[in-house]
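# Analysis of the macromolecular model
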Amino acid sequence: MNGLFSRDNLPEFLRNRRLRGLALFMIALSAAGIVLAFLFSWILGILALVVVITSLIFSFNTMNEISADMNRYIADLSFRINRGEQEALIDMPVGVMIFGDNDAIEWVNPYLQQYFGDQTVLSKRMSDVDPELEKLIQDHVNDQKPQTVTWKDRQFSFLVQKDFRAVYMIEVTHFTQIEQRYENERIAIGQVFLDNYDEVTQSMTDQEISNLRNYVTNELSVWAQRFRMYLKRLDDDHYLVFMYAQAMRAVENDKFSILDTIRESTSKQNFPLTLSIGIAYGGADLAKLADQAQSNLDLALGRGGDQVVVRAQDEEARFYGGKTNPMEKRTRVRARMISQALQELMNQSDAIFVQGHQQPDMDSIGACMGIRRIAQMNQKDCYIVLDRNDVHSDVQRLLDSIKDYPEINDAIISPEEALSKITKQSMLVMVDHSKPSLSISPELYQQLENRVMIIDHHRRGEEFPENPMLVYIEPYASSTCELITEMFEYQSQESEPINKIEATAMLTGIFIDTKSFSLRTGSRTFDAASYLRSAGADSVQMQQFMKENVDSYLQRNHLIELVTFVNEDMAIIAGEENEVYDSVTAAQAADDLLNMSGVDASFVITKRDDGRIGISARSMGEINVQLIMEKMGGGGHLSSGATQIADSTVSEVKDQLVAILNGQTDKETTPAS
């Protein structure tokens, strides 16, 4: 009896629990209706019984047929879905491979099999079938999203499902080619400038000028045609270049050899001419691209010329060239114009604040004192911003001497005092640096960022104030003190002239930065030194400022004992990990190494008192240490550079530096990325 009413013997639709409950409810309701009908009349009851039995039989048969039809439909649908899945897996344009635990190929669909040709791959190890594909799987086995890879000279969207040991590949060669073509045909704009055209042509005849102009234009035209660029001359010393991104990359691979071609050829003819180029790319707005190209050209010129700056908006710049010392092309006219512009800006300000770089040297302090004197000549209050607790011994001796000059001493204030004194009409002068992050008070710069003037002799870097009122950067000058000294000639002669301590401080700055007039020294350097000497600069007091204490002398000699060599002509000193060295001592050790025979460049790596690792770099001019230091986050000159690196050790920094130096193929540095 129990078997008769088992679930398997029930009608199809009654095997569903909910339908079975509904059927029982209907039977119970019908039974109740029949009982009530018999209570009223046996005839009515018999009639109700016949109707209910007929209805139940019809309902049961109908529901059973519906259930059977539904089951047949579901079974058919399931079959078609399974068949569709199988056919799709086999025929769809997606390569599928399943491999076993031992990396043996268990199954591939026909789409992927075509890339193996007639080769039998099932049950074979992946390394035996295709080592390249095996490496791709190993490299991307942990990727969560599809990656574009190259296999058999084609591009695929590639995904590995590690849990299922399956590989999925969709060929996207066509779309990759379209994308590559789009990238290759993006527009890049360049500006070419002849750095010293005016200076070179001053003493030339009209015929010589015409020949020079034709030569340069011809060389640039040949260069443009070689790389399929469009070149248009805008002026005697200015050209515009349009190119595709593909051509720009080809020119970069060529390392802009046009710089060497023009420089070397014109040098042989005794009128050395150099080029500076700024190239911008990556944007769809041509006007913004042109502005970026001009900005890149300004950066190249600010770094001394004879080089190329390639940069897209909001990206790091790449530098090429810069192998020669900047040529002296400053004129008295430019110095006079800057001096007059400075006067006008001072007259429009209620107070002037001047600051140098952190841990200031004599050039920085002397420049600050020079700007203060110019402000005094224009009847303006000027404050020198200085952290007296962060100065070297030579600067401290200068500060001690300044105590005899109360007017100057009272004008030296702390960064906190400066922040409390500034107004919206104040002006900030940054001397001996152009990176706001290196300022004694970066907060002061942030408060006056729209009222800033920059006077510097270092090459301009990527970090630079966005909207300075006036910029006077001359990388070929020996020092900032030299630049400021030239301005005194164009100030009012009725004003109180520069005094003895100011002249001595500025001359000391020039003397130290030129290594006793032996490096980066031009005729203008001696003119400035002569002016300061005639203004009362005391050579005896200079020697007092530059005296070295015994501890510093012993530290420097100890550092030199640790010297090692890279590539035979590059000397490296790495100080002890836990020993803190003064930055000036490290710089002096780097200078001393250049006096050794066979040393063309020197690098001194030491731990600083702020916990960072510092590098002082020097060269004789053949090796551009500026570009090397820029790769490590610093900067400087062709022959003098430095950087500070946080969260690292001396040995780690040394390994990084050695890797960069070993990557050099010749005496010129590779472009910074």
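Residues numbered from 1 in each chain as written. Predicted model: local features only at pLDDT ≥ 70, side-chain atom pairs only at ≥ 80, totals over all residues. Heavy atoms only, no water.

What follows covers the overall build of the protein chain. When helices and strands are counted, the protein chain shows 25 helices and 23 strands. A globule of 673 residues ought to have a C-alpha radius of gyration of about 26 Å, yet the protein chain, at 41 Å, is considerably larger. Expressed as lengths along the three principal axes of its C-alpha atoms, the size of the protein chain is roughly 140 × 65 × 55 Å. The buried share among the 673 residues of the protein chain stands at 47%. The averaged location of the 97 negative side-chain charges in the protein chain is 4 Å from the averaged location of its 63 positive side-chain charges. (Helix = DSSP H or I, 4+ residues; strand = E, 2+ residues; numbered from the N terminus. Rg over C-alpha atoms; globule rule 2.2 N^0.38 Å. Buried < 20%, exposed > 50% of the residue type's maximum accessible area, 1.4 Å probe, protein only. Lys, Arg positive; Asp, Glu negative; His and termini not counted. Charge placed at Lys NZ, Arg CZ, Asp CG, Glu CD.)

Counting across every chain of the model gives 11 aromatic pairs. Here tryptophan 151 and phenylalanine 156 contribute two aromatic rings whose centre-to-centre distance is 5.6 Å and whose plane-to-plane angle is 55°, an arrangement assigned as tilted. Measuring from ring centre to ring centre gives 5.2 Å for phenylalanine 256 and tyrosine 320, while their planes differ by 50°; the resulting arrangement is tilted. Placement of phenylalanine 256 in the loop between helix H9 (245–253) and helix H10 (258–268) and of tyrosine 320 in strand S11 (residues 318–321) is noted, with a sequence separation of 64 residues between them. Judged by relative accessible area, tyrosine 320 falls into the buried class, the value being 7%. (Phe/Tyr/Trp six-rings, centres within 6.5 Å; stacked < 30°, edge-to-face > 60°.)

Once that is clear, we can look at the packing of helix H22 (residues 550–560) against helix H23 (residues 583–593). Between H22 and H23, whose axes approach to 9 Å, the crossing angle comes to 50°. Taken together, the axis directions place H22 and H23 in an arrangement best described as oblique. Handedness of the H22/H23 crossing: right-handed. Listed contacts from H23 to Ser552, Gln555, Arg556, Leu559 and Ile560 of H22 are Thr585, Ala586, Gln588, Ala589, Asp592 and Leu593. For the contact of H22 with H23, a count of residues per class yields 5 nonpolar, 4 polar and 2 charged. (Axes fitted to C-alpha atoms, helices over the stretch in contact; angles between N-to-C directions. Parallel < 35°, antiparallel > 145°, perpendicular 65-115°, else oblique. Left-handed = near helix turned anticlockwise from the far one by under 90°. Contact = heavy atoms within 4.5 Å. Nonpolar A, V, L, I, M, F, W, Y, C, P; charged D, E, K, R; others polar.)

Turning to the nonpolar core, a few remarks are in order. In a soluble, globular protein the nonpolar side chains are often hidden away together inside. Ranked by internal contacts, the top residues of the largest apolar core, which has 69 residues, are Ile371 and Ile455. Sort the elements by how many residues they give to this core and helix H13 (residues 362–377) lands first, with 9 residues. Isoleucine 371 has contacts with Leu342, Met346, Val354, Cys382, Val429, Val431, Ile455 and Ile484, leaving out every residue within four places of it along the chain. Tyr215, Met243, Ile279 and Val310 belong to the second-largest nonpolar core, a separate cluster that totals 36 residues. (Core = buried A, V, L, I, M, F, W, Y, C linked by side-chain atoms within 4.5 Å.)

This brings us to the side chain of arginine 373. By the element assignment, arginine 373 lies in helix H13. We classify arginine 373 as buried; its relative accessible area is 2%. With near-sequence residues (within four places) excluded, arginine 373 lies in contact with Phe488, Glu496, Pro497, Ile498, Asn499 and Glu502.

Turning to the pattern of salt bridges, a few remarks are in order. Under the defined criterion, the tally for this structure stands at 22 salt bridges. Arginine 372 is paired through a salt bridge with glutamate 502; the nearest N and O atoms lie 3.3 Å apart. With arginine 372 in helix H13 and glutamate 502 in helix H19 (residues 500–513), this residue pair connects regions lying 130 residues apart in the sequence. According to the relative accessible area criterion, glutamate 502 is buried, its value standing at 0%. In this structure, arginine 618 engages aspartate 591 in a salt bridge whose closest nitrogen and oxygen atoms are separated by 2.9 Å. Pair noted here: arginine 618 is in strand S21 (residues 613–619) and aspartate 591 is in helix H23, with a separation of 27 residues, a long-range link. Of the residues examined, arginine 618 reaches a relative accessible area of 11% and is grouped as buried. (Salt bridge = Lys/Arg side-chain N within 4 Å of Asp/Glu carboxyl O.)

This paragraph deals with the sheet that holds strand S7 (residues 230–235). With mixed pairing, the 6 strands of this open sheet are ordered in space as S7-S8-S6-S9-S10-S11. Across the chains shown, the open sheet's two edge strands, defined by having one partner strand only, are S7 and S11. Sheet twist, expressed as the mean angle between neighbouring strand axes with direction ignored, is 15°. As defined by bridge partners, strand S6 (residues 187–194) adjoins strand S9 (residues 275–281) across 7 bridges and the pair is classed as antiparallel. (Pairing = 2+ DSSP bridges.)

In an α-helix, one turn spans 3.6 residues, which is why side chains three or four residues apart end up on the same side. Listing the buried residues of H22 in full gives Ser552, Arg556, Leu559 and Ile560. Taken end-on, H22 shows its buried residues confined to a sector of 100°, consistent with a single buried face. Turned more than 90 degrees from where H22 packs its buried face, Val550, Asp551 and Leu554 sit exposed. Buried-residue contacts for H22 involve strand S18 (563–566), strand S19 (570–574), H23 and strand S20 (601–607). (Arc of directions from axis to C-beta.)

Here helix H6 (residues 173–184) crosses H9 at 70°, and the two axes come no closer than 6 Å. Classified by the angle between their axes, H6 and H9 sit roughly perpendicular to one another. Seen from H6, the contacting residues are Gln180, Glu183 and Asn184; seen from H9, they are Ala245, Gln246 and Arg249. Of the residues belonging to the contact of H6 with H9, the class tally is 1 nonpolar, 3 polar and 2 charged.

We now examine the environment of glutamine 119. By the element assignment, glutamine 119 lies in the loop between helix H3 (110–113) and helix H4 (126–129). According to the relative accessible area criterion, glutamine 119 is partly exposed, its value standing at 31%. Sequence-wise, glutamine 119 and valine 129 are 10 residues apart; in three dimensions their C-alpha atoms are separated by 8.4 Å. If near-sequence neighbours (up to four positions away) are discounted, glutamine 119 is found in contact with Gln113 and Val129.

In this section: the sheet that holds strand S1 (residues 95–99). Pairing in this open sheet of 5 strands is antiparallel, and the strands run S2-S1-S5-S4-S3 from one edge to the other. Two strands lie at the open edges of the sheet, namely strand S2 (105–108) and strand S3 (147–151), each paired on one side alone. With direction set aside, neighbouring strand axes in the sheet form an average angle of 30°. For S1 and S2, the ladder comprises 3 bridges, and the chain directions are antiparallel. Directly across from isoleucine 98, in S2, lies its bridge partner tryptophan 107. Across the face of the sheet, helix H5 (residues 131–140) comes into contact with S1, S3, strand S4 (154–161) and strand S5 (166–171) while running at roughly 160° to S3.

Read these as spatial facts, not as claims about activity.
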